[in-house]
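Summary of the model geometry
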Amino acid sequence: ELARHHGVLLSYHAIRGQARHASPEALLAVLRALGAPITDVKDAVEALRARQAAQAQQGCEPVVVAWEGQAASLALHAPEAVGERALRCELALEDGQRRDWIAAAVRTGRASALLPLPGGLPLGYHRLAIEAGGRRHEALVIASPRKAWSPADDAHGKLWGVFLPLYALRSQASLASGDFADLETLTRWVSGLGGHVVATLPLLAVLLDEPFEPSPYAPASRLFWNAFFVNLTRVDEFSAPSVQALVYSAPLAAELSSLRAGSLVDYRREMAAKRRILREMAAVLEASSSARRRAVEAWRQAHPEVEVFARFMAVCERRRAAWHVWPEAMRAGRLSDADGEAEAVREHVYAQYLAQEQLAALSQQARQHGPGLYLDLPLGVHPDGFDVWRHQSRFALEASGGAPPDDFFSKGQDWGFPPMRPQALRVQGYQYYLACLRHHLRSAGMLRIDHVMGLHRMFWVPRGFAATDGVYVRSPAEELYAMLALESQRHRALIVGEDLGTVPEDVRPAMAEHGLLRMSVGQFEITPDPQCAIRPIPAEAVVCLTTHDTPTFAAVWEGRDMQERMQRGLLSEEQAARERVHRERLRQALMAFLRCAETPAILKAILLHLARSDAGVLLVSLEDLWLEIEPQNRPGTWRECPNWRRKARYTFEEFSTHPMVLEILKAVAQIRR
């Protein structure tokens, strides 16, 4: 009963349908991570009483959803409200208007009732206050459209675009690795070919010093951009004599040349080099009295949280240690002006200003020909990062998000980031979650929700437990979908749910109900039937041949991915033998279905087949077009593989004139029109 009150599931069905039951030890650990006052099973009764008392004290559910202007009902728990026939209600609308009325609650149990809310509410986030028995209780009312935004009359035809990680994109103009200017160049090129979308990996701030974690899926924050991608050469301050002298000084020029020549991104060295330039540029701006300096200062004043983020990053650099081991006063989510070097704080604020300035311009240009930028909202954030430090009560620090065992990961997955506490988010009015959404949707015409199953439930692995012993915790799905739909409509952006892996049966119907596009990966849609070797692709899908987490097309077609899995101990000789037989059946069926056999011809035929499908959006991985073998990421590996570091084999100038690349993309464009 205590687990039910906290949204913890006692069991779940694994990949093969078998039931897996949570152990008492895992339940206790997850309940503690959720904040329940329990150390042993015998404490459950008292902990349940405490939970019910807290609910009664709160008085009502903290959030309620009103769909499409329809009437909704708010659950009441306060004894004085449950028995009251004349509740005084006050609704503060988002636009500043106010509505007052007297209402009667409809009793649903000994200690619960429903309060009917008026219909016809305008879309938005409204604050409801209820007075009963001399006490005041408050709730957030989310009045939302049922579905996320989609183009009503799409003059572009079926959408298509390309994918490439920004760190992998490089051009002759790059200072070292790819940056926002390179991304702008890529979007213009794709638009010129008739494309509508450019997708890349998350562009969020990451930890590139001490602590160090460059993975785009373990960001330091989901509220700030990665200064690593800021283009410095197009900024006014870059042309200052002192900056030019620094850039062309022998040591820095040699360092940048070495970084450009490398086949792998060296984040530490490159960020250190860019930081030297950024610091000098910030000093140039600080010394000026220009309108630009006033604009930066006005932006800084309008966004006070950027100052906190900058101070956090500056303290990390000075102490070269995670916030968990800082002095106690600094661990609490607040820092004083004396914490962090002033020059470093100014530099981080300046870098964030440049990032938002460049992304805003890039987004505006990209949206002229379709959705434009297709960004990715990661499921979690790094435990040593800014968001967890700043919003500690929203995160379960004694657990990690993960996934149960499946065909690819027989021991399950522990992703290492703390999951968000659903009830804490609700009580705080989803301020953090909404800030994350809006941060992305200001730039993205399409937004991919990483691991969309998390809208329904999250797999929690308690600290000290194996991933096989994880437990599912429910998410407030209705409320999360309501915010996604409302923000999507307001920003006119498509929402995509990454629904790969173990997908509960209620997820895809809910995605369809709320207008989220699903994902379809061509590699996984091949069948051994020569008459229909590629399954039909649904219209409400973003289809791609590969993803950043899968082997490339050429690696799969040539069986190199199996060799690698055997070397890593993920595939036994017996399993590999069965897999080879299955792969050969798929190969023969696909060659018969597409009527070709050579690898380049097969690649082109598959992509054109996907282009003819009903899928609303087709994404083409640029690296597949030149039959790249090496993946960008090998899931389940860490330091032993160069994940998130490999630069593309060709520069932009080279692949944008590559005959095979142009041939395939022009054919895709013609079909999609």
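Residues numbered from 1 in each chain as written. Predicted model: local features only at pLDDT ≥ 70, side-chain atom pairs only at ≥ 80, totals over all residues. Heavy atoms only, no water.

1. Considerations on the pattern of salt bridges
Pairing between side chains of opposite charge can happen when their charged atoms approach one another. The criterion, for reference: When a carboxyl oxygen of Asp or Glu lies within 4 Å of a side-chain nitrogen of Lys or Arg, that pair is called a salt bridge. Helix and strand definitions follow DSSP, with helices as H or I runs of at least four residues and strands as E runs of at least two, each counted in order from the N terminus. Per-residue accessibility, obtained with a 1.4 Å probe over protein chains only, is compared with the maximum for each type, and a residue is labelled buried under 20%, exposed over 50%, and partly exposed between these values.
If you walk through the whole model with that rule in mind, you get 54 salt bridges. The residue E398 makes a salt bridge to R463 at a minimum N-O spacing of 3.6 Å. Of this pair, E398 sits in the loop between α13 (386–390) and β16 (399–403) while R463 sits in the loop between β19 (457–462) and β20 (471–474), placing them 65 residues apart in sequence. Judged by relative accessible area, E398 falls into the partly exposed class, the value being 42%. Between E574 and R578 there is a salt bridge; the shortest N-O distance is 3.2 Å. Here E574 and its partner R578 are both found in helix α20 (residues 573–594), four residues apart, which amounts to about one turn of the helix.

2. Re the side chain of E317
Inclusion rule: A 3.5 Å cut-off defines polar contacts: any pair of N or O atoms within that distance qualifies, except that in protein one atom must be a possible hydrogen donor and the other a possible acceptor, and neighbouring residues in sequence count only when both atoms are side-chain atoms. The contact criterion used throughout is that any non-hydrogen atoms of two residues lie within 4.5 Å.
Considering the arrangement of structural elements, one finds E317 in helix α10 (residues 304–319). We classify E317 as buried; its relative accessible area is 19%. At a separation of 2.7 Å, a polar atom in the side chain of E317 contacts the side chain of R275. If we skip the residues at most four places from it in the chain, E317 touches D209, R275, A344 and H348.

3. Section: the packing of aromatic side chains
How two aromatic rings sit relative to each other is set out by the distance from centre to centre and by the angle between their planes. We apply this condition: Whether two aromatic rings pair depends on their centres lying within 6.5 Å, for rings of Phe, Tyr and Trp, where Trp uses its six-membered ring; planes under 30 degrees apart make the pair stacked, over 60 edge-to-face, and the rest tilted.
Considering all chains together, one arrives at 24 aromatic pairs under this definition. An angle of 85° between the planes, with centres 5.2 Å apart, marks the rings of W626 and Y650 as edge-to-face. Separated by 24 residues along the polypeptide, W626 in the loop between α22 (622–625) and α23 (652–655) and Y650 in the loop between α22 and α23 bring together distant segments of the chain. Judged by its relative accessible area of 5%, W626 is buried. Assessed through its relative accessible area of 23%, Y650 is described here as partly exposed. Between F652 and F655, the aromatic rings sit 5.5 Å apart at their centres with planes inclined by 85°, giving edge-to-face as the arrangement. Of the two residues, F652 and F655 both sit in helix α23, three residues apart, roughly one turn of that helix. Here F652 matches F655 in class, with each residue buried. A network of ring pairs unites the aromatic residues F224, F309, F312, W326, F386 and W389 as a single cluster.

4. As for the nonpolar core
Among soluble globular proteins, nonpolar side chains are generally buried collectively. So the rule is basically this: Side-chain atoms within 4.5 Å are what join buried Ala, Val, Leu, Ile, Met, Phe, Trp, Tyr and Cys residues into a set we call a nonpolar core.
With 174 residues, the main nonpolar core has W189, I277, L622 and L665 as its most contacted residues. Among the elements that make up this core, the one with the highest residue count is helix α12 (residues 342–366) (ten residues). In this structure L665 touches W160, V162, W189, L193, V620, L622 and L625, once residues within four positions along its chain are discounted. Grouped together as the second largest cluster of nonpolar side chains are 26 residues, L91, A105, I130 and A143 included.

5. Thoughts on the environment of D407
Within the fold, D407 resides in the loop between β16 and β17 (413–414). Between the alpha carbons of D407 and Y248 there is a distance of 53 Å; along the sequence they are 159 residues apart. Once residues lying within four places of it in the same chain are set aside, the contact partners of D407 are I15 and R16.

6. Observations regarding unusual backbone geometry
When glycine is set aside, most residues are seen to have a negative phi, and most peptide bonds are trans. Here the amide bond leading from E210 into P211 is cis, since omega sits at 0°, within 30 degrees of zero. Within the secondary structure, P211 sits in the loop between β13 (207–208) and β14 (212–213). Phi is positive for W644, close to 60°, though the residue is something other than glycine. In this structure, W644 sits in the loop between α22 and α23.

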